Amino acid sequence: MEYVIEMLNIRKEFGTFVANDNITLQLRKGEIHALLGENGAGKSTLMNVLFGLYQPEGGEIRVRGEKVDIENPNIANDLGIGMVHQHFMLVEKFTVTENIILGSEPKSGLTVDRATARKKVMDISEQYGLRIDPDAKIEDISVGMQQRVEILKTLYRGAEILIFDEPTAVLTPQEIQELIQIMKRLIEEGKSIILITHKLKEIMQVADRCTVIRRGRYIGTVDIDETVNEDRLAEMMVGREVNFDAEYSKADPQQVVLDIQKLVVKDSRGLEVVEGLDLQIRSGEILGIAGIDGNGQTELIEAISGLKKPESGKIFLNGNDVTGFTPRKVTEAGVGHIPQDRHKHGLVLDYTIRDNMVLQTYYKEPFSKRGLMNYKAVAEKAKALIEKFDVRTPSVDVPARALSGGNQQKAIIAREVDRSPDLLIAAQPTRGLDVGAIEFIHEQLIKEREKGRAVLLISFELEEILHVSDRVAVLYEGKIVGIRDPKETTEQELGFLMAGGKRGEETV
């Protein structure tokens, strides 16, 4: 059997913490090999070893049968290994072409030969079906397009082996399908791919084989065929049976908690993207918002949470007008917010996990008194939340940026759910989480509902919306075009409404 990559008994330590405990992974030429594991299982660490960002304490790496020492990413690039990182490494003010050629610029004398660079970029994009605008600035293109730029960066440098680190974590369903087609096209062109993920459907759809690791240890490698299903992969990943179809108690909605009247909100370009929106959420219910990304979800959330001032309209919380309140005033009025961008609005990445756990409450007792912080109380609170929500971290004193994306998300959810606010805004709450963590988060949302709280769930995953919500509101071009009972609708009907198929009337 010809292997293009062999990682044999790799061991990676960070102090006393063992991130990879003698893991073996073997990639065949021309295959898509999934690397599956829980948040914090050691997936990204293992691939960072392969890409030369980390040096292992034990084991060896072979590339096309030859033992190699990959001391830095330049050596990885020379060996034909490219990595598409989960958090894109792009310069926002640069153009697409400038980002792709950065560090490998063709020269004409002492200057960069921009015409040659642009032509090569366009040739590669056409070869692999990666449509891009070579002259657009990164800050002006979608997340899906930014990912294509990252892929083109690796291909521009001649990569034959591509590592995709959680590539679908920030993509819409349509972009995910486009990416899957791109990966299949790359395989047809003779590339080999390692896909880091915990999304079981995508593995079943695109992977040839799957290696599973759990808490830094190798569990096994299986062929993806008719003998392996999602249930089996989930059990290998989390070490127990996962219930995908849990039945939740029936909702008992009571008084109106959130009342939005004729809300108008503009985006950063000055365009109205929320247009006269009306919506009510009651205590004891989860209202799911279904919609294609870019139809006003972000601006709606920002207006409710105080991050953006509406142009007109009113927002009432428990009968009180909170329109235009600052984020702190909104929080103190009884709103919790799990933001869709955890890095921009959810965490201070250079603060410790301990300090991030009290960002909403640090100025209150017992965490501070007369302006002085009680760090012992802060640490005790952080430790309790970390244990309750299974946040994988060596200690409360590590910076938030050192945690995996999934564990960063769990830390935010722990902080917001623990306060049990009257209204919990959950925007993409399970983005980047494994199936075990998703199951846990859904249970937490249901518990908040059962306490009589109101939950606003925004998700691009229709399966999640239908599974957890008590009512589903469809958002299209900044307006609610229909409200459905999830037990009496389908993904097809919701998709039709989401695409603007018709202006539906409210049914519940």
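Use the structure listed above.
I will try to describe carefully the structure that is included in this document. Computed from a predicted structure; not experimentally measured. (Residues numbered from 1 in each chain as written. Predicted model: local features only at pLDDT ≥ 70, side-chain atom pairs only at ≥ 80, totals over all residues. Heavy atoms only, no water.)

**Considerations on the pattern of salt bridges**
Going through the model one piece at a time under the given rule, you end up with 34 salt bridges. For the salt bridge of Lys199 with Glu461, the shortest nitrogen-to-oxygen distance reads 3.6 Å. Of this pair, Lys199 sits in the loop between strand 10 (192-197) and helix 7 (200-206) while Glu461 sits in the loop between strand 22 (454-458) and helix 16 (462-468); the two residues are 262 residues apart in sequence, bridging distant segments of the chain. Taking relative accessible area as the criterion, Glu461 reaches 34% and is therefore assigned partly exposed. A salt bridge links Glu416 to Arg415, with the shortest nitrogen-to-oxygen separation between them at 2.9 Å. (Salt bridge = Lys/Arg side-chain N within 4 Å of Asp/Glu carboxyl O. Helix = DSSP H or I, 4+ residues; strand = E, 2+ residues; numbered from the N terminus. Buried < 20%, exposed > 50% of the residue type's maximum accessible area, 1.4 Å probe, protein only.)

**Regarding the packing of aromatic side chains**
According to the stated counting rule, one finds three aromatic pairs in the structure shown. Between the aromatic rings of Phe14 and Tyr54, the centroid separation amounts to 5.2 Å while the plane-to-plane angle is 80 degrees, which identifies the pairing as edge-to-face. Here Phe14, found in strand 1 (residues 3-14), pairs with Tyr54, found in the loop between helix 1 (43-50) and strand 4 (58-63); they are 40 residues apart in sequence, far enough to count as distant. Geometrically, the ring pair formed by Phe389 and Phe440 is edge-to-face, given 5.5 Å between the ring centres and 85 degrees between the ring planes. (Phe/Tyr/Trp six-rings, centres within 6.5 Å; stacked < 30°, edge-to-face > 60°.)

**Notes on the packing of helix 4 (residues 114-127) against helix 5 (residues 143-156)**
Two elements in contact, helix 4 and helix 5, have axes whose closest approach is 10 Å; the angle formed by their N-to-C orientations is 105 degrees. The orientation of helix 4 relative to helix 5 falls into the category roughly perpendicular. Residue-level contacts link Lys120, Val121, Ile124 and Ser125 of helix 4 to Leu152, Leu155 and Tyr156 of helix 5. Of the residues assigned to the contact of helix 4 with helix 5, the class counts are five nonpolar, one polar and one charged. (Axes fitted to C-alpha atoms, helices over the stretch in contact; angles between N-to-C directions. Parallel < 35°, antiparallel > 145°, perpendicular 65-115°, else oblique. Contact = heavy atoms within 4.5 Å. Nonpolar A, V, L, I, M, F, W, Y, C, P; charged D, E, K, R; others polar.)

**Notes on the packing of helix 5 against helix 6 (residues 173-188)**
Contact pair helix 5 / helix 6: the axes reach a minimum separation of 11 Å and the direction vectors enclose 15 degrees. Judged on the interaxial angle alone, helix 6 and helix 5 are roughly parallel. The handedness of the crossing between helix 5 and helix 6 comes out as right-handed. Together, Gly144, Gln147, Arg148, Ile151 and Leu155 of helix 5 and Glu175, Glu178, Leu179, Ile182 and Leu186 of helix 6 make up the contact between the two elements. (Left-handed = near helix turned anticlockwise from the far one by under 90°.)

**Some points on the sheet that holds strand 13 (residues 256-266)**
Strand order across the open sheet formed by four strands is 14-13-16-17, with antiparallel pairing between neighbours. Looking at which strands have only one partner, the edges of the open sheet turn out to be strand 14 (272-282) and strand 17 (320-321). Bridge count between strand 13 and strand 16 (residues 312-317): five bridges; the pairing is antiparallel. When the sheet's bridge partners are listed, Leu258 is paired in strand 16 with Leu317. Packed onto the sheet, helix 9 (residues 297-305) meets strand 13, strand 14 and strand 16 and runs at close to 120 degrees relative to strand 13. (Pairing = 2+ DSSP bridges.)

**Concerning helix 13 (residues 375-388)**
Look at helix 13: 20 Å from first C-alpha to last across 14 residues, which is about the 20 Å you get at 1.5 Å a residue. Among all positions in helix 13, only Ala377, Val378, Ala379, Ala382, Leu385 and Ile386 are buried. In the core, the buried residues of helix 13 are packed alongside helix 12 (353-356), strand 20 (372-373) and helix 14 (405-418). Count one or two residues on from helix 13 and you reach Asp390, which has phi positive near 55 degrees. (Expected span 1.5 Å × (residues − 1).)

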